[in-house]
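# Architecture and fold: a report
Listed below, chain by chain, are the residues.
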Amino acid sequence: MDRRQFVNAGAAAPLALAASPLVVPLAARAQARPKDVLVVANEFGPNSLDIQTIGANRPAYGVSWLCYDRLMTYGKRTLPDGRVMYDRNKLEPELAESWQMAPDGMSVTFKLRKNAKFHDGTPVTAKDAKWSFDRAVSVGGFATFQMGAGSLEKPEQFVVVDDHTFRVVFLRKDKLTMNNIAVPVPCIFNSELVKKNATPQDPWGLAWTRNNVAGGGAYKVEAFRPGQEIVYVRNDDWKSGPLPKLRRIVQREVPNAGNRRALLLKGDIDMTYDMPPKDFSEMAKEGGGVKVTTMPIENSMFYVGMNVTRPPFDNVKIRQAVAFAIPYEKIMDAALYGRGAKLYGAASSKVGTTAWPQPTGYRTDIARAKALMAEAGAAAGFETTLSIDLGGATGGEPAAILIQESLAQIGIKAQINKIPGATWRAALLKKDMPLILNRFGGWLDFPEYFFYWCYHGQNAVFNTMSYQNAKLDKVITNARFAESKALYDSFVREMIQIAYDEVPRIPLFQPSQDVAMQSNVQGYMYWFHLQPDYRQLSKV
């Protein structure tokens, strides 16, 4: 959608501006929209309205967060410079007004709000909570693996005590369990509504919830046009938190970054993110009516992943050769414009700290890379494919070109394969791409959580390299359930060392979450799922 189409579409919508955006000054144009209406433009939007469907992309996380409630949410904390982010150490009530841990620490009992209702007016009960948790641990794929990250694994763990009392029985003591209940996956569905639209072949109603919402969250979906826009309208009967100030959000897809920047600077939209680092860097310096907020993404890395199940990347020396051939500084300067933290060039290849993510000992060394290729019997090189996500192409594509050029110096001819953002997750699930450029961020800010998703032999979707190592699996499990800090620290150092020596994925940098918005947009808060929480935003 170009700017002309965008503005024309806006003129046809209920939030049409009173005057032509071509003649109204920036400040007046932004102010012309009602204060309770927010217009957002992104590179791409959700490909599903249900986070638990197979292949649901990152924007689908935002739908879950806005349109469904969870039993708990996270508190917030303000950093010394005034930026606001979630507080991983502070759990607060959402659909559950309170909870009580059992004396033996092996269960938790939630008291649900008695006045909570789903969007269709149906009261929320503990039966809905149980059905929703049963669904999450049973549908398979991303949702079920996410639940397992907090030892939520079996329907038998979830008990209806009475209409408004729900108990979760723990299989084991796991420090991630309570935090995991507050992430987007274990959201509460209107169970009867979904069951009405389920089939014997699809007992959990996934086909229906892909395009329909069955929640009771702060916002309803008024319109969903995949590839074009999603429109949210406030649920005025929401009881699980303060009523949002924004009545309506129009989130449109504008793939071209230059068009999104122009729309923002001309006042036609209120917010955008996932822009090229260059644009954010320039807009941050320009100031004016637009402000940019930046936050390092916790437990996250941009990386090169290699499929270790097939030649040539089943050879560790080939993987190490690629790690020494990566043009790290060029990527940081030309693709990232310095907007990230370096995860390369450590003084030593020996891991001496539990910090995560942390730099590897790899750095650009073409001579060493060539020597490793020779040791691997691949001095003549080979051909391969480097796949990238077009949904993250603003930084990914220039990085891929630089990597392609550098690999050619050691005899690796890599053809760049561009995959649309809407189908990138499905492509990862196939586990058949030899070489990829990708980003992963763990919701729960613990290194063992990252490793559980990305390196464990259970081979989850985000173990994009299909890496399996029984020794590392054991170390990850030991770290998850370590009985002392000393043991925990030693296990974390060991698992990082194994990952960096074996190098199935090559860390490049820790990315930043950048968001640009009009100066009158207030209340932005960084969340681990990287989606804006419109419930907290307002316009002044």
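Residues numbered from 1 in each chain as written. Predicted model: local features only at pLDDT ≥ 70, side-chain atom pairs only at ≥ 80, totals over all residues. Heavy atoms only, no water.

### Digging into the overall build of the protein chain
When helices and strands are counted, the protein chain shows 18 helices and 20 strands. Radius of gyration (C-alpha) of the protein chain: 24 Å, near the 24 Å computed for a compact globule of 540 residues. Here the protein chain, with 540 residues, has 58% of them falling under the buried criterion. Restricting to contacts in the protein chain with at least 6 residues of sequence separation, those with at least 24 account for 70%. Side chains of the protein chain give 65 positive and 53 negative charges; the mean places of these two sets differ by 2 Å. (Helix = DSSP H or I, 4+ residues; strand = E, 2+ residues; numbered from the N terminus. Rg over C-alpha atoms; globule rule 2.2 N^0.38 Å. Buried < 20%, exposed > 50% of the residue type's maximum accessible area, 1.4 Å probe, protein only. Contact = heavy atoms within 4.5 Å. Lys, Arg positive; Asp, Glu negative; His and termini not counted. Charge placed at Lys NZ, Arg CZ, Asp CG, Glu CD.)

### Quick notes on the pattern of salt bridges
Should the charged atoms of two oppositely charged side chains come close, the side chains can pair. Applying the stated criterion across every chain yields a total of 28 salt bridges. The salt bridge partner of Glu375 is Lys317, with a shortest N-O separation of 3.0 Å. Of this pair, Glu375 sits in helix H13 (residues 366-375) while Lys317 sits in helix H11 (residues 316-325), and the two are 58 residues apart along the sequence. By relative accessible area, which is 53% here, Glu375 ends up exposed. Taking the relative accessible area as the measure of exposure, Lys317 reaches 30% and is therefore partly exposed. What you see here is one network of salt bridges that share partners, running through Arg261, Lys278, Asp279, Glu282 and Glu286. (Salt bridge = Lys/Arg side-chain N within 4 Å of Asp/Glu carboxyl O.)

### Considering the side chain of Asn299
On the secondary structure map, Asn299 appears in the loop between strand E12 (290-296) and strand E13 (300-306). Within polar-contact distance, the side chain of Asn299 engages the backbone oxygen of Leu444 at 2.9 Å. Excluding residues that lie within four positions of it along the chain, Asn299 makes contacts with Trp356, Pro357, Phe440, Gly441, Gly442, Leu444, Asp445, Phe446, Pro447, Tyr449, Phe450 and Gln510. (Polar contact = N/O pair within 3.5 Å; in protein donor to acceptor, adjacent residues only side chain to side chain.)

### Description of helix H18 (residues 485-502)
End to end, H18 covers 26 Å across 18 residues, agreeing with the expected 26 Å (1.5 Å per residue, within 8%). Taken together, the buried positions of H18 are Tyr488, Asp489, Phe491, Val492, Met495, Ile496, Gln497, Ile498, Ala499 and Tyr500. Buried-residue contacts for H18 involve helix H16 (447-454), helix H17 (470-480) and strand E18 (505-518). Phi for Val503, located one or two positions after H18, is positive at around 40°. (Expected span 1.5 Å × (residues − 1).)

### Things to note about the sheet that holds strand E4 (residues 96-101)
Strands sit in the order E4-E5-E7-E6 across an open sheet of 4 strands; the sheet is antiparallel. A strand with exactly one partner marks an edge of an open sheet, and here the two such strands are E4 and strand E6 (158-162). For this sheet the average axis-to-axis angle between neighbouring strands, irrespective of direction, equals 25°. Judged from the 5 bridges that link them, E4 and strand E5 (residues 107-112) form a sheet pairing that is antiparallel. If you follow Gln100 over to E5, its bridge partner there is Thr109. On top of the sheet, helix H4 (residues 126-138) reaches E5, E6 and strand E7 (165-169); it is set at about 175° to E6, its chief contact. (Pairing = 2+ DSSP bridges. Axes fitted to C-alpha atoms, helices over the stretch in contact; angles between N-to-C directions.)

### Topic: helix H10 (residues 277-286)
Of all the positions in H10, only Pro277, Asp279, Phe280, Ser281 and Met283 are classed as buried. At its buried positions, H10 is contacted by helix H9 (257-265), strand E11 (271-273), E12, helix H12 (328-335), helix H14 (393-408) and E18. Within two residues after H10, Gly287 carries a phi angle of roughly 65°, on the positive side.

### Structural notes on the state of the cysteines
Throughout the structure, instances matching the rule amount to 0 disulfides. Cys187 takes part in no disulfide bond, and the closest cysteine sulfur to it belongs to Cys67, at a distance of 10.0 Å. (Disulfide = S-S within 2.5 Å.)

### Details of the packing of aromatic side chains
Between two aromatic rings, the relevant description is the distance of the centres plus the angle of the planes. A complete count under the given rule lists 37 aromatic pairs for this structure. Relative to Phe528, the ring of Trp65 lies with its centre 6.0 Å away and its plane at 85°, an arrangement referred to as edge-to-face. You can see Trp65 sitting in helix H3 (residues 58-67) and its partner Phe528 sitting in the loop between strand E19 (521-522) and strand E20 (538-539), a full 463 residues away along the chain. Given a relative accessible area of 5%, Phe528 falls into the buried group. Centroid distance Trp99 to Phe110: 6.2 Å. Interplanar angle 50°. Geometry classified as tilted. Taken together, the residues Trp99 in strand E4 and Phe110 in strand E5 connect sequence positions 11 residues apart. Judged by relative accessible area, Trp99 falls into the partly exposed class, the value being 25%. A relative accessible area of 0% means that Phe110 is categorised as buried. Just above the ring of Phe446 sits the side chain of Arg88; from NZ or CZ to the centre is 4.2 Å. The side chain of Arg505 reaches across the aromatic face of Tyr303, ending 3.9 Å from its centre. (Phe/Tyr/Trp six-rings, centres within 6.5 Å; stacked < 30°, edge-to-face > 60°. Lys NZ or Arg CZ within 6 Å of the ring centre and 35° of its normal.)

### Section: the environment of Thr354
As for its placement among the helices and strands, Thr354 is situated in the loop between strand E14 (340-342) and H13. Leave out the neighbours within four places in its chain, and Thr354 touches Pro447, Asp489, Val492 and Arg493.

### Digging into the packing of H11 against H13
For any two helices packed against each other, one specifies the crossing angle of their axes together with the interaxial distance. Across the interface, H11 lies against H13 with an axial gap of 8 Å and an inter-helix angle of 165°. It follows that H11 is roughly antiparallel to H13 by the angle criterion. The element H11 and its partner H13 pack so that their crossing is left-handed. In contact with Lys317, Ile318, Gln320, Ala321, Phe324 and Ala325 of H11, H13 contributes Ile366, Arg368, Ala369, Leu372, Met373 and Glu375. (Parallel < 35°, antiparallel > 145°, perpendicular 65-115°, else oblique. Left-handed = near helix turned anticlockwise from the far one by under 90°.)

### Points about the environment of Trp443
Inspection of the secondary structure assignment puts Trp443 in the loop between strand E17 (435-441) and H16. For Trp443, a relative accessible area of 6% puts it in the buried group. When the C-alpha atoms of Trp443 and Ser107 are compared, they prove to be 23 Å apart, with 336 residues separating the residues in sequence. Discounting residues that sit within four places of it in the chain, Trp443 has contacts with Ile51, Tyr61, Tyr86, Phe142, Gln146, Val183, Pro184, Val185, Tyr449, Phe528 and His529.

### What about the pairing of E13?
Residues in a regular strand point their side chains to alternate faces of the sheet. With 7 of its 7 residues buried, E13 lies for the most part within the structure. Burial along E13 is two-sided: Ser300, Phe302, Val304 and Met306 and Met301, Tyr303 and Gly305, pointing in opposite directions, are all buried. Pairing between E13 and E17: 7 bridges, direction antiparallel. Residue pairing across strands places Met306 opposite Leu435, the latter belonging to E17.

### Observations concerning the pairing of strand E2 (residues 72-78)
Bridge count for E2 against strand E3 (residues 84-93) is 7 bridges, and the pairing is antiparallel. Residue pairing in the sheet places Arg77 in a bridge with Met85 of E3. The antiparallel hairpin formed by E2 and E3 contains 5 residues in its connecting segment, where Gly82 sits at a positive phi of about 95°.

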